[in-house]
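Remarks on the overall topology
Below are the chains, spelled out letter by letter.
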Amino acid sequence: MFTKAVLATLGVAAICAVPLCAQSGAVSKRDADFLKMAAEADMTTTHIGKMAEDQGATDGIKDFGKKLAQDHTSDYQQLGELAAKTGENVPKGIDKTDDREITMLSKSKGKAFDRAFLAHETAAHERLVKAFKEEAEHGDNADLKAYANKALPVIEGHLHDVQDLQKAKTHKA
């Protein structure tokens, strides 16, 4: 009899807790996927930015790499705080696909690195702008939507910076 009462109480408690979990910031699959993608992009871009500081042929590339590393490190920290608030986890390591891209870039030096770096960052930031706009407009979690709106101008700025660097390289060639 006592066991039935305990089980019934736990069952009622679990049913009552479901709405509380939803209110405490649980996120949809779409939002969780965005959070994971953004965190992986931050880690990868930070790493590649640091590579640009070391391997870039020009001060422009080195400075842009430093800016990327700083901005995406800060963004990753913000994502971690947001993830904790929503009950989600952010990845702690670079995705295998991104690791392959890093390996390919690491084999380049000087002007060859600059070309590969600019091409990579252009494509990466075009994808990020699209994903952040999508989240800002259609995300389910209000906090994640606000984060995407706040981060979007920085990411768009990076895209414009990398496009400007590419134009400068084209005019010098």
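A few points on the structure.

Considering the environment of Gly65
Mapped onto the fold, Gly65 is located in helix α3 (residues 59-86). Overall, Gly65 belongs to the buried group, its relative accessible area being 0%. A C-alpha to C-alpha distance of 7.3 Å links Gly65 and Ile48, two positions 17 residues apart in sequence. Those residues in contact with Gly65 that sit more than four places away from it in its chain are Gly49, Lys50, Ala52, Glu53 and Phe117.

So, the packing of helix α2 (residues 29-55) against helix α5 (residues 110-138)
Axis separation between α2 and α5 bottoms out at 11 Å; the angle between their running directions is 160°. What the angle tells us is that α2 and α5 run roughly antiparallel. Like other packed secondary-structure pairs, α2 and α5 cross with a definite hand, here left-handed. Taking contact as the criterion, the partners of Arg30, Asp31, Phe34, Met37, Ala38, Ala41, Thr45, Ile48, Met51, Ala52 and Gln55 in α2 are, on α5, Gly110, Phe113, Phe117, His120, Glu121, His125, Leu128, Ala131, Phe132, Glu134, Glu135 and His138. Considering only residue class, the contact of α2 with α5 consists of 12 nonpolar, 6 polar and 5 charged.

Thoughts on α3
Here α3 is 28 residues long and its end C-alpha atoms lie 40 Å apart, about the 40 Å a rise of 1.5 Å per residue gives. Of the positions making up α3, those classed as buried are Ile61, Phe64, Gly65, Leu68, Ala69, His72, Asp75, Leu79, Leu82, Ala83 and Thr86.

A closer look at the nonpolar core
The biggest cluster of nonpolar side chains holds 34 residues, and the ones touching the most others in it are Phe117, Phe132 and Tyr147. For this core, the secondary-structure elements that each account for two or more residues are α2, α3, α4 (96-106), α5 and α6 (142-172). Among the elements that make up this core, the one with the highest residue count is α6 (9 residues).

Some remarks on the pattern of salt bridges
Inspection of the entire model under this criterion finds 6 salt bridges. Glu134 serves as the salt-bridge partner of Arg30, at 2.8 Å between the closest nitrogen and oxygen. Residue Arg30 is located in helix α2, and its partner Glu134 is located in helix α5; the two are separated by 104 residues in the primary sequence. Its relative accessible area of 37% is what places Glu134 among the partly exposed residues. In this structure, Lys67 engages Asp161 in a salt bridge whose closest nitrogen and oxygen atoms are separated by 2.7 Å. With Lys67 in helix α3 and Asp161 in helix α6, this pair connects stretches of sequence that are 94 residues apart. The exposure class assigned to Asp161 is partly exposed, which follows from its relative accessible area of 24%.

Criteria and cut-off values
- Residues numbered from 1 in each chain as written.
- Predicted model: local features only at pLDDT ≥ 70, side-chain atom pairs only at ≥ 80, totals over all residues.
- Heavy atoms only, no water.
- Helix = DSSP H or I, 4+ residues; strand = E, 2+ residues; numbered from the N terminus.
- Buried < 20%, exposed > 50% of the residue type's maximum accessible area, 1.4 Å probe, protein only.
- Contact = heavy atoms within 4.5 Å.
- Axes fitted to C-alpha atoms, helices over the stretch in contact; angles between N-to-C directions.
- Parallel < 35°, antiparallel > 145°, perpendicular 65-115°, else oblique.
- Left-handed = near helix turned anticlockwise from the far one by under 90°.
- Nonpolar A, V, L, I, M, F, W, Y, C, P; charged D, E, K, R; others polar.
- Expected span 1.5 Å × (residues − 1).
- Core = buried A, V, L, I, M, F, W, Y, C linked by side-chain atoms within 4.5 Å.
- Salt bridge = Lys/Arg side-chain N within 4 Å of Asp/Glu carboxyl O.

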